[in-house]
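Given next are the chains, with one letter for each unit.
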Amino acid sequence: MSGLSVLSHGSQILSRRGPIIVSYAGVSKQVKPDEASGSVDKLRSQLDTGPDLSDFIAGVVPRNQEEWEEYQGKLKLEKGEKRLRLPPWLKTEIPMGKNFSKLKKDLRGLKLATVCEEARCPNIGECWGGEKGTATATIMLMGDTCTRGCKFCSVKTARAPPPLDPLEPVNTAHAVAEWGLDYVVLTSVDRDDIPDAGASHIAETIRELKIAKPELTVECLTPDFAGDLACVEMVATSGLDVFAHNIETVEALTPFVRDPRAKYRQTLSVLKHAKECKPNLVTKSSIMLGLGETDEEIEQTMKDLREVGVDCLTLGQYMQPTKRHLKVKEYVTPAKFAHWEKIGKEMGFLYTASGPLVRSSYKAGEFFIKNIVEN
């Protein structure tokens with residue numbers, strides 16, 4: 001590898017009297033003076049569509065790019081240990097591409113928040129940089145501050161968040177129409193401070209999206225509305241295509257993982273009622289693994305979801321967002337995730353997306369189009 005040297009991640013141009021050194025994504029190359037101009041132009045083009053400093057600070061961009069074949073490190077947290085070392089299969093690529101850059105610019109201009117960024121999702125580059133029609137950005141409605149404090153979630157919390165933006169439904173519809181997407185995912189913070197927990201605001205947003213683009217497929221990852229089934233019905237019958245509500249973890253761990261107001265049986269009730277209100281509505285849920293659950297508990301949770309008519313399931317690795325949140329008890333291997341995908345198919349889910357980096361809205365448009373519409 002003559003002329004190449006491995007450097008720390010980042011982008012820099014070091015100019016001295018000798019050759020210019022251009023580095024990007026951890027690789028540097030010596031460039032002759034007469035080649036410098038073209039190399040710098042290429043670098044600028046890469047930087048324009050890549051992440052900026054705020055993405056690194058927010059934790060969107062990882063700092064290591066190791067490849068892995070076999071991992072011999074510890075996968076389970078023993079008593080007295082502080083935390084596990086991150087295995088190589090959980091280290092992701094730096095987000096790049098024109099779609100990533102355009103989505104981020106559009107969201108800033110319209111003052112919309114995404115759970116992709118707020119929750120520090122590791123798949124932001126893959127989903128935002130997807131192909132036309134299946135690129136997925138999950139827009140977070142009702143602000144960026146939640147009234148609940150789940151022990152796994154990095155979204156900001158407060159007892160009395162700022163009031164809702166009445167223009168948000170229209171702004172959201174305008175943004176999605178401008179992007180030209182075929183599939184959009186909405187989610188929201190919990191707003192227990194509002195009488196209907198924000199159900200009418202979410203329903204209005206869905207109606208505005210359908211007015212702006214009737215052929216648009218809309219998925220919504222909803223709150224539990226404190227178990228108010230009238231609110232569930234309001235959202236389920238608003239023109240929605242996919243009703244998603246996450247069970248998050250197994251029943252035994254729910255009191256220790258979720259906010260006390262979020263209950264396992266209440267989640268099942270919400271999902272069941274959404275299906276009863278509109279039988280052809282696709283329903284969806286998600287389970288995090290690595291919090292100390294057993295295989296038997298995972299399988300029972302999957303059975304419980306199927307019994308209330310849930311069509312689609314995602315399973316992913318829990319990742320501790322900050323030191324203040326729950327520790328990872330176990331890093332589940334890709335082979336084990338493949339096992340749960342197989343079990344999900346056998347149970348009759350329309351699709352089961354199972355993998356270490358899978359999240360509830362992971363490449364949602366692509367999965368929906370390929371596995372439900374086409375089949």
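Refer to the structure printed above.
Residues numbered from 1 in each chain as written. Predicted model: local features only at pLDDT ≥ 70, side-chain atom pairs only at ≥ 80, totals over all residues. Heavy atoms only, no water.

**Focus: the overall build of the protein chain**
The following threshold applies: Labels follow the DSSP assignment, with helices taken as runs of H or I lasting at least four residues and strands as runs of E lasting at least two, numbered in each case from the N terminus. The contact definition used throughout considers only heavy atoms, calling two residues in contact when any of these lie within 4.5 Å. Only the protein chains shown count as covering a residue, and every accessible area follows the Shrake-Rupley method with a 1.4 Å probe.
A count of helical and extended segments in the protein chain gives 13 helices and 14 strands. Looking at the protein chain alone, contacts between residues at least 24 apart form 70% of all its contacts between residues at least 6 apart. For the protein chain, the exposed area adds up to about 18,600 Å²; of that, 52% sits on carbon and sulfur atoms.

**Considering the pairing of strand β6 (residues 138-141)**
The cut-off we apply is this: The classification of residues rests on relative accessible area computed with a 1.4 Å probe and restricted to protein chains. Under 20% of the type maximum is buried, over 50% is exposed, and intermediate values are partly exposed. Here, strands pair whenever DSSP counts at least two bridges between them.
Residues Thr138 and Met140 of β6 are buried on one face, and the alternating residues Ile139 and Leu141, pointing to the opposite face, are buried as well. Examined bridge by bridge, β6 and strand β9 (residues 183-188) share 4 bridges and lie parallel to one another. By the bridge assignment, leucine 141 is partnered in β9 with serine 188.

**Let's talk about the packing of helix α7 (residues 199-212) against helix α8 (residues 229-236)**
To be explicit about the condition: A fitted line through C-alpha atoms serves as each axis, taken over the contacting stretch for helices, and the angle formed by two N-to-C directions is quoted from 0 to 180°. Roughly parallel means an angle under 35 degrees; roughly antiparallel, over 145; roughly perpendicular, 65 to 115; everything else is oblique.
Interhelical geometry of α7 versus α8 gives an angle of 10° and a closest axis separation of 8 Å. In terms of axis orientation, α7 runs roughly parallel to α8. Residues Ala199, Ser200, Ile202, Ala203 and Ile206 of α7 touch α8, and the partners they reach there are Cys231, Met234 and Val235.

**Focus on the nonpolar core**
Note the cut-off: In this description, a nonpolar core means a group of buried Ala, Val, Leu, Ile, Met, Phe, Trp, Tyr and Cys residues linked to one another through side-chain atoms lying within 4.5 Å.
Core analysis: the biggest nonpolar cluster contains 65 residues, and Phe243, Met302, Leu305 and Leu315 have the highest contact counts within it. Counting residues per element, this core draws most heavily on helix α10 (residues 264-277), which supplies 5 residues. With residues up to four places along the chain from it excluded, the contact list for methionine 302 reads Ile287, Leu313, Leu315, Trp340, Ile343, Gly344, Met347 and Phe349. If you look at the next biggest cluster of nonpolar residues, it comprises 9 residues, including Val185, Val282, Cys312 and Tyr351.

**Digging into the pattern of salt bridges**
A side chain of one charge can pair with a side chain of the opposite charge when the charged atoms of the two come close. Operational definition: Here a salt bridge means any side-chain nitrogen of Lys or Arg lying within 4 Å of a carboxyl oxygen belonging to Asp or Glu.
Evaluated as defined, the whole model comprises 14 salt bridges. Notably, a salt bridge pairs aspartate 144 with lysine 156, separated by 3.1 Å at the nearest N-O pair. You can see aspartate 144 sitting in the loop between β6 and β7 (145-146) and its partner lysine 156 sitting in strand β8 (residues 156-157), a full 12 residues away along the chain. Aspartate 144 sits in the partly exposed class, given a relative accessible area of 26%. Taking the relative accessible area as the measure of exposure, lysine 156 reaches 43% and is therefore partly exposed. A salt bridge links aspartate 190 to arginine 148, with the nearest nitrogen and oxygen atoms 3.8 Å apart. With aspartate 190 in the loop between β9 and α7 and arginine 148 in the loop between β7 and β8, the pair connects residues that are 42 residues apart, well separated along the chain. Each member of the pair, aspartate 190 together with arginine 148, is buried. Connected through shared salt-bridge partners, Arg148, Asp190, Asp192, Asp224, Asp259 and Arg261 make up one network.

**Overview of α7**
Just so we agree on the cut-off: Working rule for helices: expected span equals 1.5 Å times residues minus one.
Look at α7: 20 Å from first C-alpha to last across 14 residues, which is about the 20 Å you get at 1.5 Å a residue. For α7, the complete set of buried residues consists of Ala199, His201, Ile202, Ala203, Thr205, Ile206, Leu209 and Lys210. Contacts from the buried residues of α7 go to β6, α6 (168-179), β9, β10 (217-221) and α8.

**A short note on the side chain of threonine 147**
As a reminder, the rule being used: Any N or O atom pair separated by 3.5 Å or less is treated as a polar contact, with the protein-specific requirement of one donor-capable and one acceptor-capable atom, and with residues adjacent in sequence counted only for side-chain atom pairs.
Relative to the elements of secondary structure, threonine 147 occurs in the loop between β7 and β8. Within polar-contact distance, the side chain of threonine 147 engages the side chain of aspartate 192 at 2.8 Å. Every residue in contact with threonine 147, bar those within four places of it in the chain, is listed here: Ala158, Arg159, Pro161, Asp190, Arg191, Asp192, Asp193 and Arg261.

**Concerning the environment of aspartate 182**
The residue aspartate 182 is located in the loop between α6 and β9 in this model. For aspartate 182, a relative accessible area of 38% corresponds to the partly exposed category. Placed 35 residues apart in sequence, aspartate 182 and threonine 217 show a C-alpha to C-alpha distance of 6.2 Å.

**A word on the packing of aromatic side chains**
Heads up, the rule is: The rule is short: rings of Phe, Tyr and Trp, with Trp giving its six-membered ring, pair when the centres are within 6.5 Å, and they are stacked under 30 degrees, edge-to-face over 60, tilted in between. Remark: a charge is flagged as sitting over a ring if the NZ atom of Lys or the CZ atom of Arg is within 6 Å of the ring centre and within 35 degrees of the ring normal.
If you walk through the whole model with that rule in mind, you get 0 aromatic pairs. One Lys or Arg, arginine 306, reaches over the ring of phenylalanine 349 and ends 5.4 Å from the middle of that ring.

**Looking at the environment of isoleucine 139**
One can find isoleucine 139 in strand β6. On the accessibility criterion, isoleucine 139 (0% relative accessible area) is buried. For the pair isoleucine 139 and leucine 221, spaced 82 residues apart in sequence, the C-alpha separation works out to 9.9 Å.

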